[in-house]
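Chain by chain, the residues run as shown.
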Amino acid sequence: MRHLIDPTDLSVAEIHEILTLAEDIIAHRDRYREACKGKKLATLFYEPSTRTRLSFTSAMLELGGQVIGFSDANSSSVSKGETVADTVRVIRCFADIIAMRHYKEGAPLVASQYAGIPVINAGDGSHAHPTQTLTDLLTIKREKGRLDHFTIGFCGDLKFGRTVHSLIKALSRCEGIRVLLISPEELRLPTYMLKEMRAHSNLEFREVRTMEEAMPELDILYMTRVQKERFLDEEEFDRVKDSFVLDPSKLAAARGDMIILHPLPRVNEIARSVDNDPRAVYFRQVENGKFVRMALIYKLLEWADENRPYERTPVFDREYVVGGRTCSNRRCISATEDVDQLFRYAEDGTLRCAYCETKAK
Ligand code: CP
């Protein structure tokens, strides 16, 4: 059974297949009006969302399918203590495919072990957000005409920003990509990820401390919000929350054909006065999210029917170590639910939790 839990669950060829289908859907909307007739999508959202949940809903409706689910876990039996594993074993009786967002890292991976139907990770804590990645890739492809040979600057919260982690992973398989990391010291990209990407990807990285320093080099500026909900310490959040704000004065040094992406929602990190700049594409990016999710739902249902195998080995087929250790991440699903403690060796030789990629204790 194919799921989308991590961007690397899709091969490069499959990503292109999904993006090409999304572009065909954009060009020929009428052809897909009944493509998923008779199928149901369950949207299980344990954490707030506007774009992801509604674009999944809209995507399934435009494919002629139906949608069930919850947008507030407190209105479901989760509030009585039902686990992720039991919840999806129930949902599989009612739906053909699941999109799950969860504040616990690794929850969609647990769901994929028990669901028996395709599970899509719609964002798990600060870990991963692979459908935002597909959205970002489709936007880059449509705006720049290519998915290789560009310089991209990631700005803001690179520590907790799941959209950043997932997009960097996806870009690691593309050619000729330079990555500038623009963040305060407290919100730098996790060291293990930087090490792993430096050692095992084609990406060229540089960390910079100011937007001004990076701006003239960029083809793409990827802005992110500093996420209050990820901080355990409010004082630390207050210290960094206003670190990087994009306004017209900062854009003066940018190229005319640079594009500005943002997964949204934004707070104050992009001034409203930037919205009318032709380089601001973040609202077009939202619409691409619906088309790419249409393509993804269509493909995962098709692949489930034909029992298509993974082109790479998914996480649970890799060699892993069971038990004997615990994950040190309080945000990991393994900290609160009775799941097998699973670890795997990362490329850098460290033993990491299979659910959230945190180093084992
Ligand atoms: N980009 C994104 O995930 O937005 P939502 O939180 O509104 O779904």
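The structure displayed is predicted, hence computed values, not measured ones.

S.K.: Explain the sheet that holds strand β3 (residues 97–102) here, please?
M.R.: What holds strands together in a sheet is hydrogen bonding between their backbones, with the strands either parallel or antiparallel. The strand order across the open sheet formed by four strands is β2-β1-β3-β4, and the pairing between neighbours is parallel. The open sheet has two free edges, formed respectively by β2 (66–70) and β4 (119–124), since each of these has just one partner strand. Each neighbouring strand pair of the sheet contributes to a mean axis angle of 15°, computed without reference to strand direction. Bridge count between β3 and β4: four bridges; the pairing is parallel. Counterpart to Ala99 in the pairing with β4 is Ile120.

S.K.: Whenever I open this one, the packing of helix α5 (residues 130–144) against helix α6 (residues 162–171) confuses me. Can you help?
M.R.: To describe two helices that pack against each other, one gives the angle between their axes and the distance between the axes. Here α5 crosses α6 at 60°, and the two axes come no closer than 8 Å. With respect to α6, the element α5 is oriented oblique. The hand of the α5/α6 crossing is right-handed. Contacts from Pro130, Gln132, Thr133, Asp136 and Leu137 of α5 reach α6 at Thr163, Ser166, Leu167, Ala170 and Leu171. The class makeup of the residues in the contact of α5 with α6 is five nonpolar, four polar and one charged.

S.K.: How should α6 be read in this particular structure?
M.R.: At 3.6 residues per turn, the α-helix brings residues three or four places apart onto the same side. Across the ten residues of α6, ten count as buried, placing the element largely inside the fold. Of the positions making up α6, those classed as buried are Arg162, Thr163, Val164, His165, Ser166, Leu167, Ile168, Lys169, Ala170 and Leu171.

S.K.: Hey, could you run me through the site of the ligand in this one?
M.R.: In the vicinity of the ligand, the contacting residues are Ser49, Thr50, Arg51, Thr52, Arg101, His129, Gln132, Pro263 and Leu264. Between His129 and the ligand, the recorded distance is 2.9 Å, taken from a side-chain N or O atom to an oxygen atom. Pro263 has a polar backbone atom sitting 2.8 Å from a nitrogen atom of the ligand. Contact with the protein chains removes 92% of the 260 Å² of surface that the ligand exposes when unbound. Taken together, the residues of the shell around the ligand break down into two nonpolar, five polar and two charged.

S.K.: Any chance you could explain the nonpolar core here in plain terms?
M.R.: Most often, soluble globular proteins have nonpolar side chains that are buried together. If you look at the biggest cluster of nonpolar residues, it comprises 59 residues, and the most contacted ones within it are Ile152, Phe154, Ile168, Leu171, Leu181 and Ile297. A total of nine residues in this core trace back to one element, the largest contributor, which is helix α11 (residues 282–305). When residues of this core are assigned to domains, at least three map to each of domain 1 (7–130 + 287–305) and domain 2 (132–284). Excluding residues that lie within four positions of it along the chain, Ile152 makes contacts with Leu167, Leu171, Ile177, Arg178, Val179, Leu180, Leu218, Ile220 and Tyr222. Among the nonpolar cores identified, the runner-up in size contains 32 residues, and Ile117, Val119, Cys332 and Val339 belong to it.

S.K.: Any chance you could explain the domain arrangement of the chain here in plain terms?
M.R.: Interface size is commonly expressed as the accessible surface area that is lost when the partners come together. Partitioning the chain into domains gives domain 1 (7–130 + 287–305), domain 2 (132–284) and domain 3 (321–353). When each unit is reduced to the centre of its C-alpha atoms, the spacing between domain 1 and domain 2 is 25 Å. Counting residues at the interface gives 31 residues for domain 1, matched by 24 residues for domain 2. Buried surface at the junction of domain 1 and domain 2, summed over both partners, amounts to about 2,400 Å²; 55% is from carbon and sulfur atoms. In this structure, the connection of domain 1 to domain 2 is made through two salt bridges. The salt bridge involving Lys141 is made with Glu23; its shortest N-O contact spans 2.9 Å. The tally of links between domain 1 and domain 2 comes to 14 residue pairs in polar contact (both at pLDDT 80 or more). Sorting the residues of the side of domain 1 that touches domain 2 by element identifies α1 (12–27), β4 and α11 as the ones contributing at least two each. Of the residues forming the side of domain 1 that touches domain 2, the biggest block, nine residues, is contributed by α1.

S.K.: Looking at this structure, I do not really get the sheet that holds strand β6 (residues 177–182). What am I missing?
M.R.: The parallel open sheet is built from five strands, whose spatial order is β7-β6-β5-β8-β9. Of all strands in the sheet, those bounded by a partner on one side alone are β7 (204–208) and β9 (259–261). When the angles between neighbouring strand axes are averaged without regard to direction, this sheet yields 20°. In this sheet, strand β8 (residues 220–223) lies alongside strand β5 (residues 150–155) in parallel orientation, the contact comprising four bridges. In the sheet register, Phe154 faces β8, and the bridge partner there is Tyr222. Here α6 sits on the sheet and contacts β5, β6, β7 and β8; the angle it forms with β5, its principal contact strand, is near 160°.

S.K.: For this particular structure, what's the right way to read the environment of Thr57?
M.R.: With respect to the helices and strands, Thr57 occurs in helix α2 (residues 51–62). Thr57 sits 52 residues away from Leu109 along the chain, and the two C-alpha atoms are 21 Å apart.

S.K.: Just to check I follow, could you spell out the pattern of salt bridges for this structure?
M.R.: Two side chains of opposite charge can pair, provided their charged atoms sit close to one another. Considering all chains together, one arrives at 25 salt bridges under this definition. When the shortest N-O distance is used, the salt bridge between Glu17 and Lys299 registers 3.1 Å. Of the two residues, Glu17 sits in helix α1 while Lys299 sits in helix α11, which places them 282 residues apart along the sequence. In this structure, Glu207 and Arg188 form a salt bridge, with 2.8 Å as the shortest nitrogen-oxygen distance. You can see Glu207 sitting in strand β7 and its partner Arg188 sitting in the loop between β6 and α7 (191–200), a full 19 residues away along the chain. Since its relative accessible area comes to 26%, Glu207 is described here as partly exposed. A residue is classified by how much of its surface remains accessible, and Arg188, at 28% relative accessible area, is partly exposed. Members of the salt-bridge network, linked through shared partners, are Arg2, Glu14, Glu17, Lys299, Glu302, Glu306, Arg308 and Glu311.

Analysis parameters
- Residues numbered from 1 in each chain as written.
- Predicted model: local features only at pLDDT ≥ 70, side-chain atom pairs only at ≥ 80, totals over all residues.
- Heavy atoms only, no water.
- Pairing = 2+ DSSP bridges.
- Helix = DSSP H or I, 4+ residues; strand = E, 2+ residues; numbered from the N terminus.
- Axes fitted to C-alpha atoms, helices over the stretch in contact; angles between N-to-C directions.
- Parallel < 35°, antiparallel > 145°, perpendicular 65-115°, else oblique.
- Left-handed = near helix turned anticlockwise from the far one by under 90°.
- Contact = heavy atoms within 4.5 Å.
- Nonpolar A, V, L, I, M, F, W, Y, C, P; charged D, E, K, R; others polar.
- Buried < 20%, exposed > 50% of the residue type's maximum accessible area, 1.4 Å probe, protein only.
- Near = heavy atom within 4 Å.
- Polar contact = N/O pair within 3.5 Å; in protein donor to acceptor, adjacent residues only side chain to side chain.
- Areas by Shrake-Rupley, 256 points an atom, 1.4 Å probe, with all protein chains shown as cover.
- Core = buried A, V, L, I, M, F, W, Y, C linked by side-chain atoms within 4.5 Å.
- Domains from an automatic or database assignment.
- Buried area = accessible area lost by both parts, 1.4 Å probe.
- Salt bridge = Lys/Arg side-chain N within 4 Å of Asp/Glu carboxyl O.

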